[in-house]
Amino acid sequence: MSGSVAERLAAVRERVAAACARAGRPVESVTLVAVSKLKPAALIREAYAAGQRDFGENYAQELRDKAAELADLEGLRWHAIGPLQTNKVKYVARVAGGFHALDRLEVAKEMSKRREGTSPLPCYVEVNVGGEDTKSGLEPGALGDFLAEARALPGLQLVGLMSLPPPTDDEARARGYFQTLRELARTHGLPGLSMGTTHDFELAIQEGATVVRVGTAIFGERA
Ligand SMILES: *Cc1c(COP(=O)(O)O)cnc(C)c1O
């Protein structure tokens with residue numbers, strides 16, 4: 001992959017806009033989260049200078065450290081996109097503007113406690129739509145009970161569902177995962193859909209994504 005972060009970001013933005021146009025959706029209906037995990041703060045500054053404001057990080061300590069290092073960047077929003085252990089919640093609770101991998105009630109309760117007195121944290125519940133053994137995320141059948149409990153917690157705002165489906169080059173299959181997530185969100189009355197990465201964000205937009213999480217296409221391959 002070639003070009004500066006600003007150039008790659010511009011190319012991704014164009015592709016997002018084109019996908020929105022094809023889907024008959026306004027471009028403002030999709031938030032592009034630039035996934036900066038394992039990438040240096042200097043590259044985040046480059047993306048910020050090019051107008052990017054939403055950034056995604058997977059690892060709790062990395063998010064905490066980068067948030068401290070980049071505290072001077074006004075209006076930057078951090079999205080915690082990886083699963084959290086309960087004892088790491090404290091690292092992201094203060095700095096995150098969104099949490100995309102909620103899948104355990106203990107984590108929800110801890111986050112709720114740590115957000116007391118601040119604005120409610122927009123949360124996406126992660127769903128395992130691929131039925132994989134090893135992946136994080138709730139089984140679709142467990143969603144109803146989970147939401148009933150999580151919605152009652154102060155300090156959290158349950159806004160949508162999130163998924164990271166198994167990678168596939170089979171377009172029909174990828175679409176199927178996204179459609180499953182969309183139907184689940186509709187069934188449970190949630191407006192947000194955090195889905196689609198470098199590999200498949202255009203497809204995800206066609207299937208209704210409100211947030212796409214794109215790393216490699218903006219910052220290059222990770223080590
Ligand atoms: C790393 C990651 C992404 C970004 O993946 P790319 O293929 O680099 O675009 C998106 N979502 C989650 C949950 C991730 O862990």
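As the structure is a computational prediction, the values presented were derived from the model and not from experiment.

## Re the overall build of the chain
Looking only at helices and strands, one finds 9 helices and 8 strands in the chain. Relative to the globule expectation of 17 Å for 223 residues, the C-alpha radius of gyration of the chain, 17 Å, shows essentially globular dimensions. Its C-alpha atoms give the chain principal-axis dimensions of roughly 45 × 40 × 30 Å. Taking contacts inside the chain between residues at least 6 apart in sequence as the whole, the part at least 24 apart equals 57%. Summed over its atoms, the accessible surface of the chain is roughly 10200 Å², and 50% of this surface lies on carbon and sulfur atoms. Here the chain contributes 28 positive and 29 negative side-chain charges, whose respective centroids are spaced 3 Å apart.

## What about the pairing of strand β3 (residues 77-80)?
Relative to β3, strand β2 (residues 54-57) runs parallel, the two being bridged by 4 bridges. Counterpart to aspartate 54 in the pairing with β3 is arginine 77. A crossover links β2 with its parallel partner β3, the connecting element being helix α3 (residues 60-69), and its sense is right-handed. Across 3 bridges, the pairing between β3 and strand β4 (residues 96-102) is parallel. By the bridge assignment for β4, alanine 80 is matched with phenylalanine 99.

## Structural notes on the side chain of threonine 168
Within the element layout of this structure, threonine 168 appears in the loop between β6 (156-162) and α7 (171-187). Every residue in contact with threonine 168, bar those within four places of it in the chain, is listed here: Arg173, Ala174, Tyr177 and His199.

## Here's the deal with the site of the ligand
Contacts to the ligand come from 13 residues, most closely from Lys37, Asn58, Thr198, Thr216 and Arg222. In the environment of the ligand, an oxygen atom lies 2.7 Å from a nitrogen or oxygen atom belonging to the side chain of asparagine 58. Contacts to the ligand include arginine 222, whose side-chain N or O atom sits 2.8 Å from an oxygen atom. When the ligand sits alone it has 390 Å² of accessible area, and the protein chains cover 88% of it. When each cavity is represented as a set of grid points, the ligand is found to reside in the largest pocket. Across the shell around the ligand, the residue classes tally to 5 nonpolar, 5 polar and 3 charged.

## What to know about the side chain of serine 163
Tracing the backbone through its elements, the reader meets serine 163 in the loop between β6 and α7. On the accessibility criterion, serine 163 (2% relative accessible area) is buried. A polar contact is formed between the side chain of serine 163 and the backbone oxygen of valine 127, at a distance of 3.0 Å. Excluding residues that lie within four positions of it along the chain, serine 163 makes contacts with Val127, Val129, Leu181, Ser194, Met195 and Arg213.

What counts as what
Residues numbered from 1 in each chain as written. Predicted model: local features only at pLDDT ≥ 70, side-chain atom pairs only at ≥ 80, totals over all residues. Heavy atoms only, no water. Helix = DSSP H or I, 4+ residues; strand = E, 2+ residues; numbered from the N terminus. Rg over C-alpha atoms; globule rule 2.2 N^0.38 Å. Contact = heavy atoms within 4.5 Å. Areas by Shrake-Rupley, 256 points an atom, 1.4 Å probe, with all protein chains shown as cover. Lys, Arg positive; Asp, Glu negative; His and termini not counted. Charge placed at Lys NZ, Arg CZ, Asp CG, Glu CD. Pairing = 2+ DSSP bridges. Right-handed = clockwise from strand over helix to strand, strands pointing away. Near = heavy atom within 4 Å. Polar contact = N/O pair within 3.5 Å; in protein donor to acceptor, adjacent residues only side chain to side chain. 1 Å grid on protein atoms, 1.4 Å probe; cavity = no way out; pocket = protein on both sides within 12 Å on 5 of 7 lines; lining within 4 Å. Sits in = over half its atoms within 2 Å of the grid points. Nonpolar A, V, L, I, M, F, W, Y, C, P; charged D, E, K, R; others polar. Buried < 20%, exposed > 50% of the residue type's maximum accessible area, 1.4 Å probe, protein only.

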